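# Examination of the molecular architecture
Next come the chains, spelled out residue by residue.
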Amino acid sequence: MKKTPIILDCDPGHDDAMAILLAAYNPAIELLGITTVSGNGIIDKVTENALRVCALAKIQVPVAQGAGNAILGAVEAASDIHGETALDGAPLPAPTFALESIHGVDLIAQLVRKSSEKVTLVGTGPLTNIALFLKMYPELKSNIAHIVFMGGSASRGNRTPYAEFNIWMDPEALEVVLKSELPITMIGLDVTHQALITKEIFDKLEAMNTEVSKTMTGLMRFFAKTYNDVFEMPDPPLHDPLAIAVLIDPTVTKNRFVNVEIELNGTHTRGATVVDIYNRTGRKANVNVALELDFDKFWNMMLDAVDKAGR
Ligand code: RIB
Ligand code: CA
């Protein structure tokens, strides 16, 4: 099977942690490295969490710390959802290897330069590192095959009424990504709110009975409680792994190629993704927007990865 080489830029974060497992354990993906960005927690916490998830699941790839705040703004952790550590809910083993000594953006450049094939960048946190990479290494843009990001929404937001958290954290970063005119896939709340961790999914996780599955179940139970407390959603949406799943099997979602712009100035709407589903503006289509999920296809690959990580 031909593997898709990717770099995962993330802010672990409960759903980021599951995305790391899927990227590392699905045979269709070659995980070249992990970079971290502040979002669900401050940069030190999300970086520590990335190393600890790698230790738990015996993943050995280069990990580098990236941007500690947005291109223009400061950082604001989503501790109401992910807790004080940014990954509350279960103890995680200590890291088994050290961080790379270079910045996350420079690790992206190093890995892209070294790759014999074009690389896909997957962003499951604010897009700061990916935007900085595009600005600092314009000569490497031609080595990028695709940018897939979890973020935005064709409807309502989750950090403000109209802005999704990752994009709200750094809207200028999405503007840079859109202006790159690279192939872009958007995994927004419209589709991620279909990737629910239902009771049946929890039962399947519990039945695995491995150290990895028990830890992930503990983390997801925490995530389920905070999500319900904040958003009154009894089953929490597992956002980030979908950004990997679409690279494994493009039929896991139904998409539309439409125009997406980012609102940078709206008093009440800054950070909103303006998704022109019905082409009402006549603006050029620029983003492949995932809208519908094949629930069983997604959870089969996600649960398989958790199972493999525990063996
Ligand atoms: O809005 C959901 C996104 O924000 C997810 O990536 C979650 O991990 C947080 O980063
Ligand atoms: Ca995330």
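Relevant structure appears above.
Structure report, in brief. (Residues numbered from 1 in each chain as written. Chains lettered and ligands numbered in written order. Predicted model: local features only at pLDDT ≥ 70, side-chain atom pairs only at ≥ 80, totals over all residues. Heavy atoms only, no water.)

### A few points about the sheet that holds strand S3 (residues 63-65)
Convention followed: By this definition, two strands are paired if DSSP reports at least two bridges between them. Each helix corresponds to a stretch of at least 4 residues labelled H or I by DSSP, and each strand to a stretch of at least 2 residues labelled E; elements are numbered beginning at the N terminus. With axes taken as lines fitted to C-alpha atoms, and helix axes fitted only over the stretch in contact, angles between N-to-C directions fall between 0 and 180 degrees. Contacts were defined at the residue level, with two residues in contact if any of their heavy atoms lie within 4.5 Å.
Strand order across the open sheet formed by nine strands is S3-S2-S1-S4-S5-S6-S9-S7-S8, with mixed pairing between neighbours. Unpaired on one side and paired on the other, S3 and strand S8 (273-276) mark the two borders of the sheet. Across this sheet, the average inter-strand angle for adjacent strands is 30°, counted without regard to direction. Pairing analysis gives four bridges linking strand S5 (residues 144-150) to strand S6 (residues 184-187), with the strands arranged parallel. Directly across from Phe-149, in S6, lies its bridge partner Met-186. Each of strand S1 (4-10) and strand S2 (29-36) touches helix H1 (residues 14-25); the most contacted strand, S1, lies at about 165° to it. Against the sheet, helix H4 (residues 104-114) contacts S1, S2, S3, strand S4 (119-123) and S5, and its axis sits at roughly 155° relative to S2.

### Some details on the nonpolar core
Which entries qualify depends on this criterion: Here, nonpolar core refers to any group of buried Ala, Val, Leu, Ile, Met, Phe, Trp, Tyr and Cys residues whose side-chain atoms link them within 4.5 Å. Three labels apply to residues, based on accessible area from a 1.4 Å probe with only protein chains included: buried if under 20% of the type maximum, exposed if over 50%, partly exposed otherwise in between.
Leu-21, Ile-34, Met-216, Met-220, Ile-244, Phe-298 and Met-302 are the most contacted members of the largest nonpolar core, which has 65 residues in total. Per-element tally for this core: the top contributor is helix H12 (residues 295-309), with eight residues. Setting aside its immediate chain neighbours within four residues, Met-220 contacts His-14, Met-18, Ile-197, Phe-202 and Leu-238.

### A short note on the site of ligand 1
As a reminder of what qualifies: Proximity is defined per residue: any heavy atom of the residue falling within 4 Å of a molecule or strand makes that residue near it. Whenever two N or O atoms come within 3.5 Å, that pair is a polar contact, provided that in protein one can donate a hydrogen and the other can accept it, and provided that, for residues adjacent in sequence, both atoms are side-chain atoms. Working definition of accessibility: Shrake-Rupley area with a 1.4 Å probe, residue cover restricted to the visible protein chains. Under the scheme applied here, ten amino acids are nonpolar (Ala, Val, Leu, Ile, Met, Phe, Trp, Tyr, Cys and Pro), four are charged (Asp, Glu, Lys and Arg), and all others, including Gly, are polar.
Around ligand 1 sit Asp-11, Asp-15, Asp-16, Asn-40, Thr-124, Met-150, Asn-158, Glu-164, Phe-165, Asn-166, His-239 and Asp-240, and those are all the residues in its vicinity. Measuring from an oxygen atom of ligand 1, one finds a backbone N or O atom of Thr-124 at 2.9 Å. Relative to its unbound accessible area of 270 Å², ligand 1 is 97% covered by the protein chains. Elements with a contribution of two residues or more to the shell around ligand 1: H1 and helix H6 (165-169). Across the shell around ligand 1, the residue classes break down as two nonpolar, five polar and five charged.

### Section: the packing of aromatic side chains
Convention followed: Aromatic pairs are defined between Phe, Tyr and Trp rings, using the six-membered ring for Trp, whenever the two ring centres lie within 6.5 Å; interplanar angles under 30 degrees are classed as stacked, those over 60 as edge-to-face, and all others as tilted. Definition used: whenever NZ (Lys) or CZ (Arg) falls within 6 Å of the ring centre and also within 35 degrees of the ring normal, the charge is taken to sit over that ring.
By the definition in use, this model includes five aromatic pairs. Plain terms: the ring middles of Phe-223 and Tyr-227 are 5.1 Å apart, the flat faces sit at 65° to each other, and that makes the pair edge-to-face. Placement of the pair is Phe-223 and Tyr-227 together in helix H10 (residues 211-231), with a separation of four residues, close to one helical turn. The rings of Phe-223, Tyr-227 and Phe-231 are connected pair by pair, giving a single aromatic cluster. Note that Arg-156 overlies the ring of Tyr-162, its terminal NZ or CZ placed 4.8 Å from the centroid.

### Structural notes on the pairing of S6
Every second residue of S6 is oriented toward a common face, with Ile-184 and Met-186 on one face and Thr-185 and Ile-187 on the other, all of them buried. The pairing of S6 with strand S9 (residues 287-293) spans two bridges and is classified as parallel. Along S9, the bridge assignment pairs Met-186 with Val-289.

### Some points on the pairing of S9
For a regular strand, the rule is simple: side chains alternate between the two faces of the sheet. Taking burial as the measure, the seven residues of S9 include five buried ones, the bulk of the element. As paired strands, strand S7 (residues 253-262) and S9 are joined by six bridges and run antiparallel to one another. Within the sheet, the bridge partner assigned to Arg-256 lies in S9 and is Val-289.

### As for unusual backbone geometry
Here the residue pair Pro-12 and Gly-13 is connected by a cis peptide bond, since its omega of -25° sits within 30 degrees of zero. With respect to the secondary-structure elements, Gly-13 resides in the loop between S1 and H1. Of note, the phi angle at Lys-58 is positive, near 55°, even though the residue is not glycine. With respect to the helices, strands and loops of the structure, Lys-58 is situated in the loop between helix H2 (43-56) and S3. In the Ramachandran plot, Glu-181 falls in the positive-phi region, its phi being about 60° despite a non-glycine side chain. Relative to the helices and strands, Glu-181 resides in the loop between helix H7 (171-179) and S6. Accessibility expressed as a relative area gives 65% for Glu-181, which makes it exposed.

### Describing the pattern of salt bridges
The test is simple: The term salt bridge refers to a pairing of a side-chain nitrogen on Lys or Arg with a carboxyl oxygen on Asp or Glu at a separation within 4 Å.
Applying the stated criterion across every chain yields a total of twelve salt bridges. A salt bridge links Arg-221 to Glu-206; the shortest N-O distance between them is 2.8 Å. Placement of Arg-221 in helix H10 and of Glu-206 in helix H9 (residues 199-208) is noted, with a sequence separation of 15 residues between them. The class of Arg-221 is partly exposed, set by a relative accessible area of 40%.

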